[in-house]
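Single-letter residue listing:
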Amino acid sequence: MSRSEAVRKMTGLTVMLPGGIMPGEIMAAVHDLSRKYDFGIYLSTAQNLRLINIAEDDFEAVKAGLAAAGAVFKGPGGFPLPKVCIGAGSCKLGLVDTLEFSRLVGERFAGRKNVKPKFKIAVSGCPAACSGAMLADIGVVATRAGFNLYVGGKGGPRPRVGQRIKKGVSRDEVMYAIEILVDYHDRKTTGKQRFAKLLNADDFPFSLE
Ligand code: SF4
């Protein structure tokens, strides 16, 4: 097989990293497998691990090797892991444990299916919003008065800052509001659709501040 034919038969695989944390077992497996199968490693902007240029013939072996190390893979329709800043555990400005918040979101929404591509959620441990919470479809920002919740942020060629729909509320209230938003997005969309386009719909379930 020529080099150009080999390039055409490459594929990729995304390993989910909750909270952007890389477990040592997965790091070791990725290291060993990348040396054996000669693929590339990319840290995605969503804080996941994207393995690139895996030869299709090697794909199942790579996937099995990672699964044995405890890896969970991104698949179509799954709920996205929140993008988080490092939060109170490692940042002196942090007001909450963002990793724990991310874990709770993961637990609550892991069973969701049919989540559309490009749906993004981000959590920041203080108003500095280092995780880009105001640029996500759903953004959670911790403040001294409680959590603020934003919706409709996006990047891309026409970036937009999310609009606040909750101010100074509890974590439980944030979770409940996220549930309503996710249900609404699912109901209103059949394919890729950023939340920004839904904010002005008559039946949008929250008031914009
Ligand atoms: S958003 Fe706040 S808590 Fe999070 S990393 Fe930035 S400064 Fe620290």
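### Section: the domain arrangement of the chain
Part 1 of the argument: Structurally, the chain comprises domain 1 (3-68) and domain 2 (83-198).
Part 2 of the argument: Contact with domain 1, which involves 4 residues of that partner, is made by 4 residues of domain 2.
Part 3 of the argument: Carbon and sulfur atoms make up 55% of the area that domain 1 and domain 2 hide from each other, which totals about 370 Å².
Part 4 of the argument: Inspection of the domain 1/domain 2 interface yields 0 salt bridges.
Part 5 of the argument: In this assembly, domain 1 and domain 2 are joined by 2 residue pairs in polar contact (both at pLDDT 80 or more).

### Some points on the site of the ligand
Part 1 of the argument: As a structural note, the neighbourhood of the ligand is formed by Cys-85, Cys-91, Leu-93, Gly-94, Gly-125, Cys-126, Ala-128, Ala-129 and Cys-130.
Part 2 of the argument: For the shell around the ligand, the per-class residue count stands at 7 nonpolar, 2 polar and no charged.

### Topic: the sheet that holds strand S1 (residues 10-15)
Part 1 of the argument: Across the sheet, which stays open at both edges, the 3 strands sit in the order S1-S3-S2 with antiparallel pairing between neighbours. A single partner strand is all that each edge strand has here, and the edge strands are S1 and strand S2 (40-43). The sheet shows a mean angle of 25 degrees between the axes of neighbouring strands, taken without regard to direction.
Part 2 of the argument: Inspection of the sheet shows S2 paired to strand S3 (residues 49-55) by 4 bridges, in the antiparallel sense.

Procedures and definitions
- Residues numbered from 1 in each chain as written.
- Predicted model: local features only at pLDDT ≥ 70, side-chain atom pairs only at ≥ 80, totals over all residues.
- Heavy atoms only, no water.
- Domains from an automatic or database assignment.
- Contact = heavy atoms within 4.5 Å.
- Buried area = accessible area lost by both parts, 1.4 Å probe.
- Salt bridge = Lys/Arg side-chain N within 4 Å of Asp/Glu carboxyl O.
- Polar contact = N/O pair within 3.5 Å; in protein donor to acceptor, adjacent residues only side chain to side chain.
- Near = heavy atom within 4 Å.
- Nonpolar A, V, L, I, M, F, W, Y, C, P; charged D, E, K, R; others polar.
- Pairing = 2+ DSSP bridges.
- Helix = DSSP H or I, 4+ residues; strand = E, 2+ residues; numbered from the N terminus.
- Axes fitted to C-alpha atoms, helices over the stretch in contact; angles between N-to-C directions.

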